[in-house]
Amino acid sequence: MPPTLASLVHHSALKLTVRAGGDRLDVPVRWAHVSELADPVPYMEGGELLLITALKLDAEDPEAMRRYVRRLVGAGVVGLGFAVGVNYEEIPKALVDAAEEEGLPLLEVPRRTPFLAISKAVSAAIAADQYRAVTDGFAAQRELTRQAQTGGPEGLLAALASQVDGWAALYDASGAVVATAPEWAGRRAARLTGDVQRLRERPAPASSVVGGPEHEDRVELHTIGTGRRPRAALAVGTAAAPGTAERYAVHSAVALLTLTTERSRSLQAAEQRIGAAVLRMLLAGEPDHARAVAGDLYGGLLDAPFRMLIAERVPVSASAALARTEARAGAPAVERHSAAALAAADTNGDPLAALADVMESAAARAGEAVLVVPEGERLVVLAADGGAAAAACGEYAAALESARAGVREKVPGGEDDELVVGLSAPAGPIAASAAYKQAEQALSVARRRGRVLVEHEQMAAGSVLPLLADDAVRAFADGMLRPLYEHDATGRGDLVASLRAWLSRHGQWDAAAADLGVHRHTLRYRMRRVEEILGRSLDDADARMELWLALKATSTD
């Protein structure tokens, strides 16, 4: 505890006597200051014990003393020490009455007690208090270190909560609560998720204070980690602002958790190398070797159906253009989702890293394995089918889709990178290579359609026609059908419409002729002209397929 007026009064060497304000002696003293100025207030900071001899004061004037004491109280002076036997043999009654009226403690300083002795006593008490705080802080640091070594983050949080006489919580990179101490603090910590996510948007290291006098507690938030993107966050709730010892404990906890996360990052890099080896073996058709290398780390992932995911970055402008082309082709509208899931993501950073954070955090909370392998400009992920990581990917993609749609309406251009993801059907280790191809195919469709996520099952369930909405396909179709369009432009027959009707009727002459309103012999003549102009036989199934697709591609205008 810092020195108080009471501790100074009880100091046997000072011989101080209380003359007024005896009920307010428990107030802390920040410093002892000597001033004989008639108005020392401009030089006060608050919390001082002011020592005077009334050399320049009319201490016997009641009105002057009321003004003087009122100014001192307004400036935050906590006590007034008056030396007797120098200018006055005793403290004037006017000053005593003014101090009583304002509630300002007034101490009588005997002549044999120099002001220097009082200043030394205050200074020594402050130094002793600071030393106790430092030693208590070091003791807290040792205890936190011991708990971190034996009990992990949970033990560290419990020790920290005890040190600060409050509660503590740890959040992961997505802002989700990982652990709390005591357990009752879980609900309080969960209400701060939004504040944690906002803190992650600031350059690291960062901290903030939430709550205050009108709330149930005061909470400090600190980012954890040394990189640009925080790996975690710590919340510490207390009834009031932490003291020096408590501050040491909080800073020690931040440092220890940072060391833990950095060590975890090194372990994660090693695990990632193992994951890359497992993936290469799976794609090489060696599931038994892959399972042996995976061991307990990824073995559980290979014992049940998994999904293969491939993600890439694409420029916004390119994906937006493809999305507009898709819209012209009559593709189904993208389902709009709430952007709530975006709160966990750092959309201003690397989209692949953000996706990895989302999936790894979800997997960690669910206690399931997930294999994440950077592959050049790609990210390859193996996640349990129906698991938390796969679900988090879907929610994140849906939220990005919704947010992206709103951004495109406001800013059609832009050159930042966006995320595209292809997801395979459920597969096992034996079919890993096929799953990889499925994910690549889905990724290609996502890129072409300007979608965030496309699943392989959606490709099989949908129509092939939206895939024709591509400039290269349309150019090919225009080139193939141009001779027929040029022929029809001369007014010598409607070959394009006749070809479309004949193909749509699967080569049935009577039905196609009826659709066109012409005789079947006329239609036969027109089909011979199509073959002559194009140099292709309509008996060839490939030719019929190409012509039909060309007609569908050009009919999207």
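J.: Tell me about the confidence of the model for the protein chain, residues and numbers included.
T.: Residues with a pLDDT of 70 or more make up 86% of the protein chain, whose mean pLDDT is 83. With pLDDT under 50 throughout, residues 317-348 is counted as low confidence; its partners more than four residues away or in other chains account for 52 contacts. In the predicted structure, residues 408-415 sits below a pLDDT of 50 and forms 12 contacts with residues beyond four places in sequence or in another chain.

J.: I'd like a rundown of the nonpolar core, residues and numbers included.
T.: If you look at the biggest cluster of nonpolar residues, it comprises 28 residues, and the most contacted ones within it are V278, L282, L302, M308, L371 and L382. Taken together, the elements giving at least two residues each to this core come down to α7 (244-283), α8 (287-302), β11 (306-315), β12 (370-375), β13 (378-384) and α12 (432-449). In terms of residues, this core owes the most to one element, α12, which gives eight residues. Not counting chain neighbours up to four residues away, the residues in contact with M308 comprise L279, L283, V380, V381, L382, G422, L423, S424, A432, A435, Y436 and A439.

J.: Got a sec to walk through the environment of V209? Specific residues and values, please.
T.: The residue V209 is located in strand β8 (residues 207-211) in this model. Between the C-alpha atoms of V209 and A241, which are 32 residues apart in sequence, the distance is 9.9 Å. Discounting residues that sit within four places of it in the chain, V209 has contacts with R218, V219 and E220.

J.: I'd like to hear about the pairing of strand β10 (residues 232-238), residue by residue, with values.
T.: Taken across its seven residues, β10 has seven buried, putting it largely inside the fold. Residue alternation in β10 divides its side chains into two sets, A232, L234, V236 and T238 and A233, A235 and G237, and both sets are buried. Two strands pair when backbone bridges link them, and strand β6 (residues 167-171) and β10 are joined in this way by five bridges, in the antiparallel orientation. In the sheet register, A169 faces β10, and the bridge partner there is A235.

J.: Provide a residue-level description of the sheet that holds β10, including the pertinent values.
T.: Across the sheet, five strands lie side by side as β7-β6-β10-β9-β8; this open sheet has antiparallel pairing. Every other strand in the sheet has two partners, leaving β7 (177-181) and β8 as the edge strands with one partner each. On average, adjacent strands in this sheet sit at an angle of 20° to one another, irrespective of strand direction. Its contacts with the sheet place helix α4 (residues 115-164) against β6, β7 and β10, and it is angled at close to 150° to β6. Across the sheet, helix α6 (residues 193-200) is in contact with β6, β8, β9 (218-224) and β10; its angle to β9 comes to roughly 40°.

J.: Let's hear about the pattern of salt bridges: which residues, and what values?
T.: This model, assessed by the stated rule, comprises 25 salt bridges. D97 is the salt-bridge partner of K93, the closest N and O atoms lying 2.6 Å from each other. You can see K93 and its partner D97 sitting in helix α3 (residues 93-102), four residues apart, about one turn around the helix. Overall, the relative accessible area of 60% leaves K93 in the exposed class. Residue D515 pairs with R505 through a salt bridge whose shortest N-O separation is 2.6 Å. Of this pair, D515 sits in helix α16 (residues 509-516) while R505 sits in the loop between α15 (495-504) and α16; the two residues are 10 residues apart in sequence, bridging distant segments of the chain. Overlapping salt bridges bring together E312, R378, E440 and R447 as one network.

Definitions and cut-offs
- Residues numbered from 1 in each chain as written.
- Predicted model: local features only at pLDDT ≥ 70, side-chain atom pairs only at ≥ 80, totals over all residues.
- Heavy atoms only, no water.
- pLDDT = per-residue confidence, 0-100.
- Contact = heavy atoms within 4.5 Å.
- Core = buried A, V, L, I, M, F, W, Y, C linked by side-chain atoms within 4.5 Å.
- Buried < 20%, exposed > 50% of the residue type's maximum accessible area, 1.4 Å probe, protein only.
- Helix = DSSP H or I, 4+ residues; strand = E, 2+ residues; numbered from the N terminus.
- Pairing = 2+ DSSP bridges.
- Axes fitted to C-alpha atoms, helices over the stretch in contact; angles between N-to-C directions.
- Salt bridge = Lys/Arg side-chain N within 4 Å of Asp/Glu carboxyl O.

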